[in-house]
Structures are given as structure tokens and as C-alpha cells.
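Here's the letter readout for the chains.
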Amino acid sequence: MKKIGYGIGAFFAAILLIIIIAFVLAGSIVTPSFLVKQIESSLNVRAHVEKVNINLFNVLSGIEIEGIILAPRDEVANKGTPLDKRKSKPKGQIQLGKVDVKISFLALLTKTVKVNKLVLKQPEISLTMYEDGGNNLTSLFKTPKIVDGEKNPALSSEALAEKKAAEEEEAKEKASAPPSGPFSIKDVPIAIKMGLVGIQEGNIQVNMRKTGQQILVQKLDLEITDIDIDGSDLASHNSLDVNFDADVTIIGRNKKETAKFLLETGGKVTPFVVKTGLVNPKVIYEVTMKEDSFLSGFAAFDAIAGELPALNQAGLKLDKLKEKAELKKDVSFKVEYSNGKVTFLDEPTFPTKNYDLQITKGSYIVTTTNYHEMRMGMLYDEDESKKSLASVDEKIKQATKGQGDPKALRNKIVGNLVKDDRLFIPFRTYGDIRNPNVELGVGLGTLTDLVGGAVKEAIKGKAGDALKKIPGAGDALKGLGF
């Protein structure tokens, strides 16, 4: 028994010795200077790493890196100046407050890739989108021309020739091999389990050169949790949970905020098609637009408020549509995302002080091109509706020279634009969302046609007798040619 005890003791002592050696080696090799050198040797950047945290208890499972900065490459990076000899930090286009990675090596023994945590904390990214579709970050990820003060060996003629030969050989092998189908998770021989992958407290600034707009994504929390994928058993292992929270602000060319969306989204996602193992082309999200989100200066609303001739001719005043409209309460709805296209799966109503906006099921926007087609309804504020309808009455009085009851004619003219004693404007907007085409959901002609059509409709059958009893209506009809 003593020999067994000694053997067990020796075994655990050996394991402890291995851990201590790994700790010492990791602590001496994986340093800020080491990481900076590796990054600058492979990327066209100047890098900075503030701190690497490794301790005895997670050396075999995790590492935490603080203060990562990626900036445009300069002479300091080209010369390979040691980190401790550099006088200042660079001003980065990509900054990461912290990267926290924890994996399970023991899980590999069972052919399972298990990542307990992979989190980017407090990332700060400044992105500029150029008119031609390029951006300012692309150059950061190219192969650097100079490393440690000399021409990068990876770009030498010999290295490039070797790389080209390898690519040609690979192309020949692909050409002679049977045609391969699209990627299927069923071809991956190991299962994948992850606890938490995501971004916490992120801030992204996007400058759109073409439109002059600026998009700010603040307080970004993206968490993908409970990832369970096994290509050999997708019926039971094919799920992950997604939560996305962010404040998205759009600033116009005039440097004024035109919209702010306080978003919370989430839901369980099935990432692969069970039968084929192909990537699931459609994902459904639960979205909540938070109270105090607002919209101002939406081009479609501007068109409705003052640029559609039919509304102007009818005397409808919708100036409130041009004002800032804040959401009065949280609104939840479902959307489907597929290849950049976001489609509404139900019909949410967004109540604001000035109007309630109703979106019809099936409306969509393609985020990659700004193309959209949305059918919506605008239920105007009650007090403002009364003012607008009073303006229509005044137009009718002018057309009928003050004779008759304008309300009777108004109900015939714009009766289909009134809902629950409020002005209701159904419309369709399509094309580029920044300069959309807008169509009313009801037909309106010139005011003379409106009044004339209403009277023709009114004098049919018994309605004609009722209309003729309205004081002054007979004279009004004669004035309109009846």
C-alpha cells in the first residue's frame, strides 16, 4: 500500500511540476513585447499591448491580455523598436480594453473544442467607409513591407515564387479532385461547445464619406452563449443563444442627430440545417425598441409632410412629421435576417407624441445596399388631426364659396384617411432609404376633382336627397356644375 501511495504521490508531484514549468515558460514567453513583435511581423500596423495576465490556476486554460492597440504602421514598427524603448502609445483605430480567453484542453481528448470564454472587452473601433466601398481598416491587415528594419522575408522574390507555386499546385489538386459541395458542419469531425463568446461595452464609430453621415454604435454588448454544435447529431446538438444590446445613433451631414435606436435583441438560434448541415440561411430575432428611442428628419416623413402635391392640395397640414418623435414605451417585435435583408414578421406600432407609426408585415430593408420596401401607416396626433382636418374644411369652403356644410363633403373626400377620429395616412416607401420614393396608399386628385367626385357620389340614390337638405348645398352644387 505504501508503494501505491508513493506512486500516486509521485504522479501528482509530476503533474504539479509540469504546471509550474508551464507557468514559468508562459510567463516568460507570452509577454507584451512578445505579442507586439508577433503582431507587427504579420500585420501592417503599429501595435501596443499593456499587460498579459497569467496565473498558476489558469495557465493551461486561459489568458487575459489588456490594453491592445492597433494603429497605422510607422517607423517605430518598421524598425522593430522594443516595446520598452518606445516613448509613447500610438493613437489606434482599433483599441481593446481587454481580451479574455479560457479554453478546455481536456475536452480535446474527447474530440470536442470547448471554449469556456472568448470575450473582447471595451473595444473602440473607428471605421471610415469610402465612396468606392473600401474602408480605412483594410490596409491594417495587409502583409507589412518592412520588418525589423529590413524588407519582409515573406515578400522576397523567392518567398513569393514559392507561395505562387504552392497556390498553383493547390489549384491543380482542386481541379483534379471531384467537385466539392458547400460547407457542411457534418464534415467537421469534432463537436463544438462554447460558454460565452462576444463583445462587452463596445463602441464603434462609422463615418460614411459618401453620405456625410456618422453612425455611432455605443454600449454594445454582443453575447453568444450556450453554443452546442455536433455535426454528427444536429437533431440534438444544434443551438446557440444570441443577445445583442446597443444604442445606435445616426448623425446627419449637418452634424445633428437624426435618429437614435435603443435596441435589445435576443433569441435561440439554430445555426445549421439539420438535414444537410449547411448554414441556416434565415435567423429569427426578438427585437425590443426601448422607450426614448427617437427619429427625426426621416426622408419618407418629409415627403409626406410637405412634398406630396395631393396632400397639399387637400389642405392637410402634417408639419409634426418633420419634428423629433420619441418613443413613449418599449415596443417588441420579430424580424427575420437573411443575407443582409431584415424582414418584419409581424406588425408593430411605435407610439410617439406626434404620431403612431404602424409597420406592415413583410416590410423589409437590405442593410448592405440601403434598398427597402416598407408599407406603413401614420396615425396622427389627435389634436393635430383636428387642426389638419379643419384646414381641409377651409379648403372646401373656399372651393364652394362658403355655401353648404363642408364636413359632409370632407367626409367624402378624406373619410378613408380618418381612423378613430385621427388622421390616418397609409403609404409605401421604397428604393434607397436615404432618398426614397413615397406613394400614398389612397388615391387623391386635385381639390376640384375631390369635391366634384364627392358630390357626384353623394347625389346618387337617397344620399342625394339628404345632401340637398343641407342649407346652401343646392347653390354649392350649381357652383360646381351640377
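Scope of this entry: the structure provided in the associated data block. (Residues numbered from 1 in each chain as written. Predicted model: local features only at pLDDT ≥ 70, side-chain atom pairs only at ≥ 80, totals over all residues. Heavy atoms only, no water.)

Regarding the overall build of the protein
For the protein, the count of helices and strands is 11 helices and 23 strands. A total of 482 residues make up the protein; the buried ones form 37% of that total. Of the contacts formed within the protein by residues at least 6 apart in sequence, a portion of 61% connects residues at least 24 apart. Summing over all exposed atoms, the protein offers an accessible surface of approximately 27800 Å²; the carbon and sulfur share of this is 56%. (Helix = DSSP H or I, 4+ residues; strand = E, 2+ residues; numbered from the N terminus. Buried < 20%, exposed > 50% of the residue type's maximum accessible area, 1.4 Å probe, protein only. Contact = heavy atoms within 4.5 Å. Areas by Shrake-Rupley, 256 points an atom, 1.4 Å probe, with all protein chains shown as cover.)

Examining unusual backbone geometry
Phi angles above zero are rare outside glycine, and Asp-226 is one such case at about 50°. Here Asp-226 shows up in strand E9 (residues 214–229). In the Ramachandran plot, Lys-255 falls in the positive-phi region, its phi being about 70° despite a non-glycine side chain. With respect to the secondary-structure elements, Lys-255 resides in the loop between strand E10 (238–251) and strand E11 (257–269). We classify Lys-255 as exposed; its relative accessible area is 67%.

Section: the side chain of Thr-352
By the secondary structure assignment, Thr-352 is in the loop between strand E17 (349–351) and strand E18 (355–359). Within the local environment of Thr-352, its side chain forms a polar contact with the backbone oxygen of Tyr-355, the two atoms lying 2.5 Å apart. (Polar contact = N/O pair within 3.5 Å; in protein donor to acceptor, adjacent residues only side chain to side chain.)

Points about a negative patch on the surface
On the surface, a cluster of negative charge is made up of Glu-382, Asp-383, Asp-420 and Asp-421. Its place among the elements puts Asp-420 in the loop between strand E21 (418–419) and strand E22 (422–432). The class for Asp-420 is exposed, based on a relative accessible area of 62%. (Patch = residues over 30% accessible without salt bridge, like charges linked within 9 Å, V, L, I, M, F, W, Y side chains within 5 Å. Salt bridge = Lys/Arg side-chain N within 4 Å of Asp/Glu carboxyl O. Lys, Arg positive; Asp, Glu negative; His and termini not counted. Charge placed at Lys NZ, Arg CZ, Asp CG, Glu CD.)

Quick look at the pattern of salt bridges
All told, the structure shown has 16 salt bridges when counted by the stated rule. Taking the shortest distance from any N to any O, the salt bridge between Asp-100 and Lys-117 comes out at 3.4 Å. Note that Asp-100 is positioned in strand E4 (residues 94–104) and Lys-117 in strand E5 (residues 112–129), a separation of 17 residues in sequence. Take Asp-100: its relative accessible area is 3%, and that puts it in the buried class. Among the residues examined, Lys-117 registers a relative accessible area of 25% and is labelled partly exposed. With a closest N to O distance of 3.1 Å, Arg-428 and Glu-439 form a salt bridge. Of the two residues, Arg-428 is situated in strand E22 and Glu-439 in strand E23 (residues 437–440); the sequence distance between them amounts to 11 residues. With relative accessibility at 18%, the residue Arg-428 sits in the buried group. Overlapping salt bridges, with partners in common, bring together Glu-264, Lys-290 and Asp-330 in one network.

Concerning helix H2 (residues 32–42)
Buried within H2 we find Leu-35, Val-36 and Glu-40. The arc enclosing the buried residues of H2, seen along the axis, measures out at 125°, which places them on a common side. Packed against the buried residues of H2 are strand E1 (45–48), strand E2 (51–53), strand E3 (62–72), helix H3 (75–79) and strand E6 (146–147). (Arc of directions from axis to C-beta.)

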